[in-house]
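Each chain, written out:
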Amino acid sequence: MKQHILVTGGAGYIGSHAVRALLASGYDVTVVDTLKGGHREFIPDAAHFFEMDVGDTKMLQDLFQQNKERDMPIQAVMHFAGRIEAGLSGKERDDFFYHNVVCGERLLRVCEAFGVGVFIFSSTAAVYGEPEEVPIKETADLYPVNYYGTTKLEFEKRLKIETEKEDRNFRYVALRYFNAAGADPYGGIGEWHPHETHLIPRVLRVAKGEIDRIEIYGADYPTKDGTCVRDYIHVNDLVDAHLLALKYLFDGGRSDVFNLGNGEGFTVREIISAAENVVGGRLPVVEEVRREGDPAVLVADSSKARSILGWQPKHAGLHEILQTAWNWERQRKDK
């Protein structure tokens with residue numbers, strides 16, 4: 001019998017790539033998503049789809065029960081659902097806490113009721129805040145500087161508490177992403193948020209003429225050109241780590257956290273310049289004041305994931321990341 005994986009937020013950017021990879025690896029996959037930020041067309045027909053809020057405990061219980069009665073019990077969860085717009089998190093704290101903490105806690109309670117003890121969590125480098133040392137190791141101090149990072153860290157704490165219950169056989173992996181980017185080279189899915197805040201898709205939408213100009217938020221950071229530095233990781237490489245983490249837990253691995261990044265940082269200006277090379281033209285740029293909650297430098301030390309999970313990025317080059325994102329943007333059509 002195939003192992004059955006529940007993917008929350010599976011119609012979103014990273015979740016949909018994970019669903020595609022899970023199906024290709026022979027898993028049975030059920031997706032739950034509200035479709036408020038995700039896209040129904042991103043979900044392959046081979047996956048079972050339910051439009052629902054993870055915070056709806058009754059619907060979630062019914063879903064688990066129905067699969068149990070069909071002799072297809074859910075055996076593991078990949079949890080992608082939640083709010084991700086760091087810049088909005090300070091203004092919409094209640095909503096971020098609900099989606100990133102409360103809904104996750106309700107999911108954990110249903111998992112407990114049905115004996116599901118394998119859990120992969122989509123976390124973030126935002127849990128580190130302004131790091132004292134770069135590249136950042138998993139042992140670094142955790143002091144988020146935006147509320148998005150605070151909610152992700154809070155749910156990581158809830159996961160740890162779950163492992164400490166004497167009567168609960170529960171193990172988890174929290175994967176702390178740096179900057180996810182790019183799109184599946186095979187096409188059909190990519191990054192597509194209704195109100196895009198991420199740098200690379202915004203730059204490419206300027207190239208398409210959908211946005212007038214690209215904003216640089218802060219040009220006075222202590223970096224080589226005054227703009228923020230980030231570590232960009234291809235979405236398919238992120239997904240590979242999720243499948244390796246899943247196998248690791250199914251094979252009896254202990255609960256742990258792992259950074260996912262390429263270990264190389266690029267400034268905002270460097271990303272814009274590299275994107276101009278990909279699209280073949282200059283892009284209009286305007287400098288704005290800093291945004292609250294933007295650390296100056298976030299670059300990963302991912303040696304732990306490489307060593308323990310056997311993870312090896314296959315699409316690490318910035319040009320390839322940007323090219324796959326541009327290929328997606330050129331064929332994407334708005335709803």
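Right above here is the structure, for reference.
What comes next concerns the included structure. Values in this document were obtained by computation on a predicted structure and should not be read as measured data. (Residues numbered from 1 in each chain as written. Predicted model: local features only at pLDDT ≥ 70, side-chain atom pairs only at ≥ 80, totals over all residues. Heavy atoms only, no water.)

What follows concerns the overall build of the chain. Check the secondary structure of the chain and you find 10 helices and 13 strands. Computed over the C-alpha atoms, the radius of gyration of the chain is 19 Å, within 12% of the 20 Å expected from 2.2 N^0.38 for a compact globule of 335 residues. For the chain, buried positions account for 54% of its 335 residues. Intrachain contacts of the chain at a sequence separation of at least 6 include 78% that bridge at least 24 residues. Averaged over its 40 positive side-chain charges, the chain has a centre that lies 2 Å from the centre of its 51 negative ones. (Helix = DSSP H or I, 4+ residues; strand = E, 2+ residues; numbered from the N terminus. Rg over C-alpha atoms; globule rule 2.2 N^0.38 Å. Buried < 20%, exposed > 50% of the residue type's maximum accessible area, 1.4 Å probe, protein only. Contact = heavy atoms within 4.5 Å. Lys, Arg positive; Asp, Glu negative; His and termini not counted. Charge placed at Lys NZ, Arg CZ, Asp CG, Glu CD.)

In this section: the side chain of His79. Counting through the fold element by element, His79 comes out in strand S4 (residues 76-79). In contact with His79, other than residues within four places in its own chain, are Thr8, Gly104, Leu107, Phe119, Ile120, Phe121, Ser122 and Phe155.

Taken together, seven strands build an open sheet; the order of strands is S3-S2-S1-S4-S5-S6-S10 and the sheet is parallel. Lying at the two open borders of the sheet, with one neighbouring strand each, are strand S3 (48-51) and strand S10 (256-260). The sheet shows a mean angle of 20 degrees between the axes of neighbouring strands, taken without regard to direction. Pairing of strand S1 (residues 4-8) with S4 involves four bridges; the strand directions are parallel. Residue pairing in the sheet places Leu6 in a bridge with Val77 of S4. Its contacts with the sheet put helix H7 (residues 235-250) on S1, S4, strand S5 (118-124), strand S6 (171-177) and S10, and the angle it makes with S6 is roughly 165 degrees. (Pairing = 2+ DSSP bridges. Axes fitted to C-alpha atoms, helices over the stretch in contact; angles between N-to-C directions.)

Quick look at helix H6 (residues 199-208) now. Since the α-helix advances by 3.6 residues per turn, residues separated by three or four positions end up pointing in the same direction. Of all the 10 residues making up H6, eight are buried; the element is thus mostly covered by neighbouring parts of the structure. Three or more residues of H6 are buried, namely Leu199, Ile200, Pro201, Arg202, Val203, Leu204, Arg205 and Val206. Structurally, H6 contributes buried residues whose contacts are with strand S7 (179-181), strand S8 (214-217), strand S9 (229-234), helix H8 (268-279) and helix H10 (318-331). Taken from the residues just after H6, Gly209 is the one with a positive phi, measuring 90 degrees.

For the rest of this paragraph, the subject is the packing of aromatic side chains. What the rule picks out here adds up to nine aromatic pairs. Seen from their ring centres, Tyr248 and Phe258 are 6.2 Å apart, and the 90 degrees between their planes marks the pair as edge-to-face. Placement of Tyr248 in helix H7 and of Phe258 in strand S10 is noted, with a sequence separation of 10 residues between them. By the burial criterion, Tyr248 is buried, and Phe258 matches it. An aromatic cluster is built from Phe119, Phe121, Phe155, Phe170 and Tyr172, whose rings are joined through pairwise contacts. Lying over the aromatic face of Tyr221, Arg290 brings its terminal NZ or CZ to 3.9 Å of the ring centre. (Phe/Tyr/Trp six-rings, centres within 6.5 Å; stacked < 30°, edge-to-face > 60°. Lys NZ or Arg CZ within 6 Å of the ring centre and 35° of its normal.)

This part takes up the side chain of Asp301. Within the secondary structure layout, Asp301 lies in the loop between strand S13 (297-298) and helix H9 (303-309). Residue classification places Asp301 among the buried positions, given a relative accessible area of 15%. A polar contact is formed between the side chain of Asp301 and the side chain of Ser303, at a distance of 2.6 Å. (Polar contact = N/O pair within 3.5 Å; in protein donor to acceptor, adjacent residues only side chain to side chain.)

Under the counting rule described, the total for this entry stands at 32 salt bridges. Across the pair Lys304 and Asp256 runs a salt bridge whose closest N-O atoms are separated by 2.5 Å. Of the two residues, Lys304 is situated in helix H9 and Asp256 in strand S10; the sequence distance between them amounts to 48 residues. In the salt-bridge network here, residues are joined through shared partners; they are Glu105, Arg109, Glu112, Glu154, Arg158, Glu162, Lys165 and Arg168. (Salt bridge = Lys/Arg side-chain N within 4 Å of Asp/Glu carboxyl O.)

Here we come to the pairing of strand S2 (residues 28-33). Where burial is concerned, most of S2 is hidden: six out of the six residues are buried. Side chains Asp28, Thr30 and Val32 of S2 all project onto a buried face; the interleaved residues Val29, Val31 and Asp33 project onto the opposite face, where all are buried too. Sheet topology places S1 next to S2; five bridges connect them, and they run parallel. Bridging across to S2, Thr8 finds its partner in Val32. Read from S1 through helix H1 (residues 13-24) to S2, the crossover connection turns out right-handed. (Right-handed = clockwise from strand over helix to strand, strands pointing away.)

All right, on to the nonpolar core then. Counting residues in each nonpolar core, the largest one holds 38 residues, and the members touching the most others are Leu22, Met78 and Leu246. If one sorts the elements of this core by residue count, H7 sits on top with nine residues. Those residues within four positions of Leu22 in sequence are excluded, and the remaining contacts are Ile5, Val7, Tyr27, Val29, Met78, Leu243 and Leu246. Tyr232, Ile271, Ala296 and Leu318 belong to the second largest nonpolar core, which has 26 residues in total. (Core = buried A, V, L, I, M, F, W, Y, C linked by side-chain atoms within 4.5 Å.)

All right, on to unusual backbone geometry then. Backbone torsion omega between Val134 and Pro135 reads 0 degrees, so that peptide bond is classified as cis. As for its placement among the helices and strands, Pro135 is situated in the loop between S5 and helix H5 (147-163). The residue Leu35 is not glycine, and still its phi comes out positive at about 65 degrees. Within the fold, Leu35 resides in the loop between S2 and S3. For Asp71, which is not a glycine, the phi torsion comes out positive at approximately 60 degrees. Following the sequence through the fold, Asp71 ends up in the loop between helix H2 (57-69) and S4. Its relative accessible area of 59% is what places Asp71 among the exposed residues.

What is shown is where atoms sit, not what they do.
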